[in-house]
Amino acid sequence: MQNADVLIAGAGLAGLAAARVLTAAGASVIVLEARDRVGGRTENGTVLGRSIEFGGQWIGPGQDRMYELVDEVGLTTFPTYDSGDVVLELRGRLRRTSAGKGELPRLGPLVMADLIRGFGRFDRLAATVELGTPWATPDAPRLDGQTFDTWVDRNLRTPTGRAFFRLFAGAIFAAEASDFSALHTFFYAKSGIDLDTLGAVDGGAQQDRIEGGSALLGERMAASLGARVRLGEPVRSITHDAGSVIMTTRLDARYRGARAIVTLPPTLAGRVDYDPPLPGARDQLTQRLPAGSVIKMHLAYERPFWRDRGLNGQAVSDQGPITVTFDNTPADEQRGVLLGFLEGRHAREWAGRTPDERKAVFTACAERYFGPEARDPIEYVERDWMAEPFTRGCYGAHFPPGVWTAYGPALTEPVGALHWAGTECAPEWNGYMEGAVRSGESVAAAVLAELGVGVRPSRTDHGP
């Protein structure tokens, strides 16, 4: 039996952020990670020998803690390529359009009027959401009792306007608009400032990338923790009471702490064996929080040829099956890299195909969006996050109808010595790397208060 003041399940950004706060305050910590790497839903791969992001990658204005953390660990950011037009495909028609923050695509007057009215209604409802307690939002039962798809049908009048709103649903949640509640949609938008910010590049949530890949952030956070982080140790069971926790891993290693922080995605946290069993509300909650469905794909080319045509590499399509693309070229711009997503129903359908088939369909979509030069990529790489055994989907969990109002408090409410953290637990920037870090640090401060340990004044002193 190995002992520490606090045990942490999961070495993603939330778990690592929590561990750094705890160790800076003098508490002893053990972090148990199932994978053979840290970083959770951030992961680096390679394309043409250069680092590329397989997982979460973007940060933008309002994500202040991420920018601070990037600087603390000695990394730098660079802007996502955003010069030129976006390719927009709605109801079978391709068009080029500018799509900066605050802009709507150039569509017909009836559609434009419909979108302006729809966004106005959306923003007014999102402004009413209580971020810390979404279930207390005015009219919460009605909003939580309908899917976002139903809300779109009731509030948009044109088929093109409805298609446009449903595109946002897939791109932001990696799920269908019929999978989650309207209340969750409004909560999520306000959590990330507003819907415009979530969808934008310059001035939005996709503004900047971390040079060398986002996984470097977790690696450098973990380096300061040293041997406190134990890889290849999936937590199998947790025995707990009001004052102690024992975690047992699949390797039958046992660890004891006065407190524990579980940072696993909700659906995976629900698969751990708890003794005594968790309260019914908490267990029912984790049964109802599925992760999104997404396969993240990269095509590499000799050069970013789309830029020659005045395109920024971004495409948004309601036809798909590749529904969203970005220019993901490395900072030195020596080769061109297109990033594409299979999301929601498209991801579920194509997950059963071979990598070669997925490469072929991405290439065909890229040719449709950007021209014949897309036919001949020189490398293809992908990551199916649904198939990752210790993730089982991305970008984050979404709340189906009725879940916020029936089970919301159980998401973050401690159970004895057990605390919950992770991006799904964050009231601000829920679902983003920023949310994960904020959640981890906030829960760590609460644990320190329970243990009677004060947090050191400096936020940058996180050494072992």
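Because the structure is a prediction, the values reported are computed rather than measured.

Q: What is the right way to look at the overall build of the chain in this model?
A: In terms of helices and strands, the chain carries 15 helices and 20 strands. Rg of the C-alpha trace for the chain: 22 Å, near the compact-globule value of 23 Å for 464 residues, within the 12% margin. In terms of principal-axis extent, the alpha carbons of the chain reach across some 65 × 50 × 45 Å. Within the span of the chain, comprising 464 residues, buried residues form 58% of the whole. Nonlocal contacts in the chain, meaning residues at least 24 apart in sequence, comprise 73% of its contacts between residues at least 6 apart. If you sum the accessible surface of the chain, you get close to 17400 Å²; carbon and sulfur atoms cover 50% of it. Averaging the positions of the 50 positive and the 58 negative side-chain charges in the chain gives two centres separated by 3 Å.

Q: Explain the sheet that holds strand β9 (residues 208-210) here, please?
A: Strand pairing within a sheet occurs via backbone hydrogen bonds; the two strands may be parallel or antiparallel. If you trace the three strands from one edge of the open sheet to the other, you get β5-β9-β6, paired in antiparallel fashion. Either end of the sheet is taken by a strand with one partner, and the two such strands are β5 (58-59) and β6 (77-79).

Q: Which parts of the structure should I look at to understand the sheet that holds strand β15 (residues 294-301)?
A: Taken in spatial order, the seven strands line up as β8-β7-β16-β17-β18-β15-β19 in an open sheet, and their pairing is mixed. Across the chains shown, the open sheet's two edge strands, defined by having one partner strand only, are β8 (93-97) and β19 (379-384). Mean inter-strand twist for the sheet, computed between neighbouring axes without regard to direction, equals 20°. Taken together, the two bridges between strand β16 (residues 311-317) and strand β17 (residues 322-327) define a ladder with antiparallel strand orientation. Bridge pairing links A315 to T325 in β17. Sitting on the sheet, helix α6 (residues 159-173) is in contact with β7 (85-90), β16, β17 and β18 (336-343), with an inclination near 115° to β7.

Q: Is there a simple way to explain the pairing of β8 in this structure?
A: A regular strand places its side chains so that they alternate between the two faces of the sheet. Where β7 lies against β8, five bridges are found, and the strand directions are antiparallel. The partner of L90 across the bridge, within β8, is R93.

Q: What is the right way to look at the packing of helix α3 (residues 109-127) against α6 in this model?
A: Each pair of packed helices can be described by the angle between their axes along with the distance between the axes. Close contact between α3 and α6 brings their axes to 9 Å; oriented N to C, the two are set at 45°. The angle between α3 and α6 places the two elements in the oblique class. The chirality of how α3 crosses α6 is right-handed. Side by side, α3 and α6 meet where V111, D114, L115, G118, F119 and F122 of the first sit next to T160, G161, F164, F165 and F168 of the second.

Q: In this structure, what is going on with the side chain of Q146? I would like to understand it.
A: Among the secondary structure elements, Q146 is positioned in the loop between α4 (140-144) and α5 (148-155). In this structure the side chain of Q146 is engaged in a polar contact, spanning 3.3 Å, whose partner is the backbone oxygen of R142. Excluding residues within four positions of it along the chain, Q146 makes contact with W151, R154, F180, S181, A182 and P401.

Q: Mind showing me how you'd approach the packing of helix α1 (residues 13-24) against helix α15 (residues 433-451) here?
A: Direction vectors running N to C along α1 and α15 enclose 35°, while the axes themselves pass 7 Å from each other. In the packing of α1 onto α15, the handedness of the crossing is right-handed. Residues L13, A14, A17, A18, V21 and L22 of α1 form the contact with α15, whose participating residues are M433, A436, V437, G440, E441, A444, A445, V447 and L448. Across the contact of α1 with α15, the residue classes break down as 13 nonpolar, one polar and one charged.

Q: I would appreciate a short explanation of the confidence of the model for the chain in the present structure.
A: Interpreting fine coordinate detail is not advised for predicted regions of low pLDDT. On average, residues of the chain score 95 in pLDDT, and 98% of them are at 70 or above. Note on residues 455-464: pLDDT is under 50 here. Beyond four places in sequence and across chains, it has 22 contacts.

Q: Is there a simple way to explain helix α11 (residues 280-287) in this structure?
A: Since the α-helix advances by 3.6 residues per turn, residues separated by three or four positions end up pointing in the same direction. Taken together, the buried positions of α11 are R282, L285 and T286. Angularly, the buried residues of α11 cover 90° about the axis, an arc narrow enough to put them on a single face. Along its buried surface, α11 packs onto α10 (266-269), α14 (403-407) and β20 (418-420).

Q: Would you mind showing me how to read helix α7 (residues 182-191) here?
A: Of all ten residues in α7, nine are buried; the element is thus mostly enclosed. All buried positions along α7 are accounted for by A182, L183, H184, T185, F186, F187, Y188, A189 and S191. On the buried face of α7, the contacting elements are α3, α4, α5, α6, α8 (195-199) and α14.

Calculation notes
Residues numbered from 1 in each chain as written. Predicted model: local features only at pLDDT ≥ 70, side-chain atom pairs only at ≥ 80, totals over all residues. Heavy atoms only, no water. Helix = DSSP H or I, 4+ residues; strand = E, 2+ residues; numbered from the N terminus. Rg over C-alpha atoms; globule rule 2.2 N^0.38 Å. Buried < 20%, exposed > 50% of the residue type's maximum accessible area, 1.4 Å probe, protein only. Contact = heavy atoms within 4.5 Å. Areas by Shrake-Rupley, 256 points an atom, 1.4 Å probe, with all protein chains shown as cover. Lys, Arg positive; Asp, Glu negative; His and termini not counted. Charge placed at Lys NZ, Arg CZ, Asp CG, Glu CD. Pairing = 2+ DSSP bridges. Axes fitted to C-alpha atoms, helices over the stretch in contact; angles between N-to-C directions. Parallel < 35°, antiparallel > 145°, perpendicular 65-115°, else oblique. Left-handed = near helix turned anticlockwise from the far one by under 90°. Polar contact = N/O pair within 3.5 Å; in protein donor to acceptor, adjacent residues only side chain to side chain. Nonpolar A, V, L, I, M, F, W, Y, C, P; charged D, E, K, R; others polar. pLDDT = per-residue confidence, 0-100. Arc of directions from axis to C-beta.

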